[in-house]
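Examination of the molecular architecture
Spelled out from the first residue to the last, the chains are:
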Amino acid sequence: MNEPKKKSTWRHFVDWVNGEEAIEVPKKISFKKIDFNKIKENFEKYIWSGRKKAIFYLVMCAFVCTVFIAILLHTVSALPYFGGGNNPASNEVVQRYIESGVEETGATNIVAGMILDYRAFDTFGESNVLFLAVICVVMLLKKDKYNTTQQEIREEKEDEMFDKEDDNTILKRIANLLAPMLFLFGIYVVLNGHISPGGGFSGGAIIGAGLVLYASVNGQQNMQRFFKYKTFVLINVTCLLTYCILKGYSFFTGANHLPNIIPKGIPGALFSGGLILPLNICVGMIVACTIYGFYALFTKGEI
Amino acid sequence: MTNLMTNHYEAAAVILFGIGFMNLLLSRNLIKKFIGLNIMDTAVYLFLAAKGYIAGRAAPIVLEGTTASVEKFINPVPSGLVLTGIVVSVSVTAFSLALVQRLYKHYGSLDLDEIMEKAKKEGH
């Protein structure tokens with residue numbers, strides 16, 4: 001019998017249906033012949049060139065952003081009216097904060113009472129975030145003998161020489177007059193945080209601005225006479241620990257309607273508000289150190 | 001649409017957010033990217049401040065000799081939240097700019113595409 005060497009596909013199929021033949025599965029499908037890299041290269045070269053890609057990306061970005069804005073605008077149009085007194089946001093929580101805030105926290109500035117008494121752990125977390133950020137920047141940018149090249153050291157020396165040569169008398173005089181006033185104003189804002197607008201964060205930022213002004217006019221060397229890296233770490237860590245201990249103490253004695261031995265004082269006086277004043281001072285010092293630390297690390301790479 | 005006109009602060013905040021987002025996506029310069037991120041942060045502050053405002057009421061500071069009632073003051077909760085937002089945004093900005101400075105020192109460029117290309121070459 002003269003069997004055909006090659007059966008047709010149909011014949012194969014019929015045999016397979018009849019159970020006379022098993023389908024030969026190719027053991028390994030090899031993709032080696034198809035060079036995907038080549039296809040991709042050609043695709044990028046002829047069809048999807050850099051310019052077209054850029055334009056496509058731009059158009060898609062604009063489209064996505066427009067759709068995003070449109071969705072958000074639609075949401076805004078469904079929000080409660082701006083400035084309305086009966087909005088769902090001003091609920092019983094707000095009523096409690098405002099009506100019994102002065103009595104319960106001793107601070108006449110209700111926002112300060114809120115963030116440093118009712119929600120003090122939140123503020124503790126914020127201070128920790130700041131501390132972590134400055135520690136990360138120290139890790140990334142602080143210069144030591146391992147990550148400085150000869151050229152950088154030479155440039156720094158040149159900078160110092162230029163700093164010494166030019167005497168901006170007016171600038172230096174004015175800045176030296178202004179810096180102490182900035183410190184004083186910052187200290188005022190920190191100390192009066194619980195009875196007037198302000199508080200640890202804004203006052204600390206003002207003190208930090210004063211430090212930055214002083215350092216930028218008088219140079220880092222003069223700054224290091226009273227503000228070294230050790231001072232920086234010491235202040236930050238001490239303030240965070242103080243905050244932690246004070247607030248932990250008040251949490252166990254003042255919260256949950258347990259009696260708190262720290263007197264609230266007369267609302268409106270400087271020494272009032274229980275723990276709010278020391279906490280404000282801690283936060284202010286952390287913020288001032290952090291802001292100056294950012295400046296020093298970004299400009300010179302050392303504190 | 002009339003609602004959008006009354007909520008114009010929120011609408012402006014949302015548009016500002018979109019602008020910041022677009023800046024974040026489109027600019028190649030890393031520092032400009034982070035400027036876009038900061039614009040988005042600012043939009044969020046504006047939105048929160050607008051949500052906390054109540055027409056005709058004062059900032060929540062109880063003056064001497066007055067009694068505190070809800071009818072007098074605006075909502076203090078968004079103010080506290082904005083404070084949190086500012087702190088976190090400052091921290092994130094400082095951290096990312098430090099990373100950018102390290103990248104610039106290593107690759108000598110702020111262009112993201114260039115940095116990626118150089119990093120790929122170094123990898124092989």
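These lines cover the structure that appears in this document, whether it is placed above or below. What you are looking at is a predicted structure, and each value in this text was computed from that prediction instead of being measured.

1. Side note on the side chain of K51 of chain B
- Of note, K51 of chain B is situated in helix α3 (residues 30-52).
- Side chain to side chain, K51 of chain B and E10 of chain B meet in a polar contact 3.3 Å long.
- The residues contacting K51 of chain B, other than those within four sequence positions of it, are L79 and P80 of chain A together with E10 of chain B.

2. Regarding the packing of aromatic side chains
- Overall, the coordinates contain 11 aromatic pairs over all chains when judged by the stated rule.
- Ring centres of F68 of chain A and F21 of chain B lie 5.3 Å apart, and the angle between their planes is 45°; this geometry places the pair in the tilted category. In this pair, F68 of chain A is assigned in helix α3 (residues 50-77) and F21 of chain B in helix α2 (residues 8-26), connecting two distinct chains.
- Of the residues examined, F21 of chain B reaches a relative accessible area of 22% and is grouped as partly exposed.
- Ring-pair connections join several aromatic residues into one group, and the members of that group are F68 of chain A together with F17 and F21 of chain B.
- When the ring centre of Y229 of chain A is taken as origin, the NZ or CZ atom of K142 of chain A, which lies over that ring, is 4.7 Å away.

3. Concerning the interface of chain A and chain B
- Contacts between the two partners involve 52 residues from chain A, matched on the other side by 50 residues from chain B.
- Here chain A meets chain B over a buried area of about 4600 Å², counting both sides, of which 75% is carbon and sulfur.
- Per-residue buried area on chain A facing chain B is highest for F82, I98 and L140 of chain A; these three make up 15% of the total on that side.
- Taken together, the connections running from chain A to chain B amount to zero salt bridges.

4. Quick notes on the packing of helix α6 (residues 120-141) of chain A against helix α4 (residues 77-107) of chain B
- Packing of α6 of chain A against α4 of chain B brings their axes to within 9 Å, and their N-to-C directions diverge by 10°. It follows that α6 of chain A is roughly parallel to α4 of chain B by the angle criterion. Contacts from D122, E126, V129, L130, A133, C136, V137, M139, L140 and L141 of chain A in α6 of chain A reach L83, T84, V87, S91, A94, F95, A98, L99, Q101 and R102 of chain B in α4 of chain B.
- Residue composition of the contact of α6 of chain A with α4 of chain B, by class: 14 nonpolar, three polar and three charged.

5. Quick look at the nonpolar core
- Ranked by size, the top nonpolar core spans 29 residues in total, and within it I98, L116, F201 and Y243 of chain A together with V62 of chain B carry the most contacts.
- For this core, the secondary-structure elements that each account for two or more residues are α4 (92-105), α5 (110-118), α6, α10 (229-253) and α11 (276-299) of chain A together with α4 of chain B.
- Element by element, the count of residues in this core is highest for α11 of chain A, at six residues.
- Setting aside anything within four residues of it in sequence, one finds F201 of chain A in contact with T123, E126, L130, V283 and V287 of chain A together with L83 and V87 of chain B.
- Counting residues in each nonpolar core, the second largest holds 22 residues, with L140, L211, F294 and A296 of chain A among its members.

What counts, and at which threshold
- Residues numbered from 1 in each chain as written.
- Chains lettered and ligands numbered in written order.
- Predicted model: local features only at pLDDT ≥ 70, side-chain atom pairs only at ≥ 80, totals over all residues.
- Heavy atoms only, no water.
- Helix = DSSP H or I, 4+ residues; strand = E, 2+ residues; numbered from the N terminus.
- Polar contact = N/O pair within 3.5 Å; in protein donor to acceptor, adjacent residues only side chain to side chain.
- Contact = heavy atoms within 4.5 Å.
- Phe/Tyr/Trp six-rings, centres within 6.5 Å; stacked < 30°, edge-to-face > 60°.
- Buried < 20%, exposed > 50% of the residue type's maximum accessible area, 1.4 Å probe, protein only.
- Lys NZ or Arg CZ within 6 Å of the ring centre and 35° of its normal.
- Buried area = accessible area lost by both parts, 1.4 Å probe.
- Salt bridge = Lys/Arg side-chain N within 4 Å of Asp/Glu carboxyl O.
- Axes fitted to C-alpha atoms, helices over the stretch in contact; angles between N-to-C directions.
- Parallel < 35°, antiparallel > 145°, perpendicular 65-115°, else oblique.
- Nonpolar A, V, L, I, M, F, W, Y, C, P; charged D, E, K, R; others polar.
- Core = buried A, V, L, I, M, F, W, Y, C linked by side-chain atoms within 4.5 Å.

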